Amino acid sequence: MQDAFIQVLRNVAALRDPASFRPWFYRIVINAAKRSARNSSRSLSLSVRPIDQADLSALSPEEAALGLEEIRDVRAAIAELSEAHREIIVLKYYTNLSEDEIAGALTIPAGTVKSRLYRAREALEQRLARREGVMRS
C-alpha cells in the first residue's frame, strides 16, 4: 500500500482530469496489489470491509447472529469467485464505484464491466444457493 501511495503522490500532477482521480487511484492500488502478490508468490486476495457491529446493534441477538452468518456466507462465496469476478464485485459493492469508474480503474470498456458484473452476480448467486442447500442438508 505504501508503494501505491508513493506512486500516487509522485504522479498526481500528471493527472489531467481531476474527476477521474478515483478510478485512477484504484487502478494504481490494484496494480500494486497484483505486483506484490506476483512478487511474493501469493495469490491476490481482495478483502472486504470488516463487519460493522453498529450495523447490527439495532437487531435482536437472534437477528444479529443470522445477519453475521449471512455476511460470512456472502464473503465466503465472494472468495470462491474467479479473480476477475471477485475484483468487479468488490469494486462495485464494497468501494461503491460506478460502472464507468470501474472501467477506468480496470482499463476495460464499460460494456465489459457490465457483462462481467452480470456474470459475477450469477456466479455469486449460484455459490450462495449451493451453500444454502448444503446448510439445509
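This text follows the structure it describes.
Let me sum up the structure you'll find in this document. (Residues numbered from 1 in each chain as written. Predicted model: local features only at pLDDT ≥ 70, side-chain atom pairs only at ≥ 80, totals over all residues. Heavy atoms only, no water.)

**What to know about the overall build of the protein chain**
Let me state the cut-off plainly: For the purposes of this entry, the term helix denotes a DSSP run of H or I that reaches at least four residues, the term strand denotes a run of E that reaches at least two, and both are numbered from the N terminus. By definition in these notes, contact holds between two residues if any of their heavy atoms fall within 4.5 Å. All accessible areas in this document rest on Shrake-Rupley with a 1.4 Å probe, and a residue is counted as covered only by the protein chains that are shown.
A tally of helices and strands in the protein chain yields 7 helices and 0 strands. Seen in sequence order, the protein chain has helices and strands lined up from the N terminus as α-α-α-α-α-α-α. Long-range contacts, defined here as pairs at least 24 residues apart, represent 62% of the contacts in the protein chain between residues at least 6 apart. By element, 52% of the accessible surface of the protein chain is carried by carbon and sulfur atoms, the whole surface being about 9,100 Å².

**Some words on the nonpolar core**
Filter applied, for reference: To define a nonpolar core, start from buried Ala, Val, Leu, Ile, Met, Phe, Trp, Tyr and Cys residues and group those joined through side-chain atoms within 4.5 Å. Categorising residues by exposure relies on relative accessible area from a 1.4 Å probe, with only protein chains included: less than 20% of the type maximum marks a residue as buried, more than 50% marks it as exposed, and the intermediate range marks it as partly exposed.
Ranked by internal contacts, the top residues of the largest apolar core, which has 25 residues, are Ile88, Ile89, Leu91, Ile102 and Leu106. At the level of secondary structure, the elements contributing two or more residues to this core comprise helix 1 (2-11), helix 2 (21-40), helix 4 (61-80), helix 5 (83-94), helix 6 (99-106) and helix 7 (110-136). For this core, the element with the highest residue contribution is helix 2, accounting for 6 residues. Residues in contact with Ile89, not counting those within four places in the same chain, are Ile78, Leu81, Tyr94, Leu117, Ala120, Arg121 and Leu124.

**What about the packing of helix 5 against helix 6?**
If you want to describe how two helices pack, look at the angle between their axes and the distance between the axes. Rules: Helix axes are fitted only over the stretch in contact, all axes being lines through C-alpha atoms; the angle between N-to-C directions runs from 0 to 180 degrees. The scheme is simple: roughly parallel for angles under 35 degrees, roughly antiparallel for over 145, roughly perpendicular for 65 to 115, oblique for anything else. Crossings are sorted by hand: turned counterclockwise from the far helix by less than a right angle, the near helix makes the crossing left-handed, and turned clockwise it makes it right-handed. Ten residues, namely Ala, Val, Leu, Ile, Met, Phe, Trp, Tyr, Cys and Pro, are considered nonpolar, four, namely Asp, Glu, Lys and Arg, are considered charged, and the remaining ones, Gly among them, are considered polar.
Interaxial distance between helix 5 and helix 6 falls to 10 Å at its minimum, and their mutual angle equals 135°. In terms of orientation, helix 5 lies oblique with respect to helix 6. Seen from above, helix 5 lies across helix 6 with right-handed handedness. Within the contact between the two elements, helix 5 uses Glu87, Ile88, Leu91 and Lys92 and helix 6 uses Glu99, Ile102 and Leu106. Classifying every residue of the contact of helix 5 with helix 6 by side-chain character gives 4 nonpolar, no polar and 3 charged.

**Overview of unusual backbone geometry**
In this structure, Asn96 takes a positive phi of about 60° despite not being glycine. Relative to the helices and strands, Asn96 resides in the loop between helix 5 and helix 6. Relative accessible area serves as the criterion here: at 57%, Asn96 is assigned to the exposed category. Backbone geometry places Thr107, a non-glycine residue, at a positive phi of 50°.

**With respect to the pattern of salt bridges**
Note the cut-off: Salt bridges are defined as contacts in which a side-chain nitrogen from Lys or Arg sits within 4 Å of a carboxyl oxygen from Asp or Glu.
Under the criterion given, the structure shown has 2 salt bridges. Notably, a salt bridge pairs Arg22 with Glu101, separated by 3.7 Å at the nearest N-O pair. Of this pair, Arg22 sits in helix 2 while Glu101 sits in helix 6, and the two are 79 residues apart along the sequence. The exposure class of Arg22 is partly exposed, given its relative accessible area of 31%. Note that Arg127 is salt-bridged to Glu80, the shortest N-O span being 3.8 Å. Here Arg127 is found in helix 7, whereas its partner Glu80 is found in helix 4, with 47 residues between them in sequence.

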